[in-house]
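Residue strings, one per chain:
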Amino acid sequence: ELVWRTLVDRSIKGQRRWDSIADLAYASGVPWATARFACQKLLDIGALTSYSGGGLSTVSPEKVLTVACAARNLAADTVAWTSLGALDRLSVVWGGPDAAVHHLGGANTVAHVDVRIAYVSAPVTNLPEGEDVRVLHMDARAAREWDGFSSVAQTFVDLFATPGWQASEFRFALRDRFFAGRDWDQEAG
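Residues numbered from 1 in each chain as written. Predicted model: local features only at pLDDT ≥ 70, side-chain atom pairs only at ≥ 80, totals over all residues. Heavy atoms only, no water.

(A) Quick peek at the pattern of salt bridges. A complete count under the given rule lists five salt bridges for this structure. A salt bridge links R5 to D139; the shortest N-O distance between them is 2.9 Å. Note that R5 is positioned in helix α1 (residues 2-12) and D139 in the loop between β7 (133-137) and α7 (140-145), a separation of 134 residues in sequence. The two residues R5 and D139 agree in class, both being buried. The network of salt bridges with common partners includes R72, D77 and D158. (Salt bridge = Lys/Arg side-chain N within 4 Å of Asp/Glu carboxyl O. Helix = DSSP H or I, 4+ residues; strand = E, 2+ residues; numbered from the N terminus. Buried < 20%, exposed > 50% of the residue type's maximum accessible area, 1.4 Å probe, protein only.)

(B) A look at the pairing of strand β2 (residues 48-51). Alignment of β2 against strand β3 (residues 55-58), held across four bridges, turns out to be antiparallel. Paired with T49 across the two strands is S57, which belongs to β3. Two successive antiparallel strands, β2 and β3, enclose a turn made up of three residues, where G53 displays a positive phi of approximately 95 degrees. (Pairing = 2+ DSSP bridges.)

(C) The packing of aromatic side chains, seen in detail. Scanning the entire structure with this criterion turns up two aromatic pairs. With a centroid separation of 5.9 Å and an interplanar angle of 75 degrees, the aromatic rings of F156 and F179 are classed as edge-to-face. With a gap of 23 residues between them, F156 in helix α8 (residues 152-160) and F179 in the segment after α9 (165-178) connect regions that are remote in the sequence. Classification of F156 by relative accessible area gives buried; the value is 8%. A relative accessible area of 8% means that F179 is categorised as buried. Sitting above the plane of the Y51 ring, R17 keeps its charged end 3.9 Å from the centroid. Note that R171 overlies the ring of F172, its terminal NZ or CZ placed 4.8 Å from the centroid. (Phe/Tyr/Trp six-rings, centres within 6.5 Å; stacked < 30°, edge-to-face > 60°. Lys NZ or Arg CZ within 6 Å of the ring centre and 35° of its normal.)

Here it is, written out as structure tokens:
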């Protein structure tokens, strides 16, 4: 999932070419073999293409995102459910609808925020139970790179895996903003 997230987030920023799988692995924070394995399905479905010299190009970030959505298991990755006030003492990176609002410009014109997603890098203990916030562990790469909100790709994937019409509305708004174009109209370079 880290490789797929890197491919999508970098594509949004204009980087679709990778000189090698090793470069992609480094950017994703995973071993080379993990990156190679993650790329195989994408190569098979045409979301990535390889070029001479061992490089790769992301042909369809939306296909990569679809594979990532299919693999996401929020229930298995949830470390706690708590209330919003219980997170005051923790360093939190917001995901889900809060991150979507951030990536869409900062004003919520989409839907009511029902359930929040909070990423933490430290282990959580003694959080009071609640139903407002799903708490997830943040990987080391995300802890260094995210700016208080999960990346666009992670936000989209988490919203895809979240039940409810509100999550779908935020996901559709992100899709319209970042994935509305036709990939075959764009060069993969």
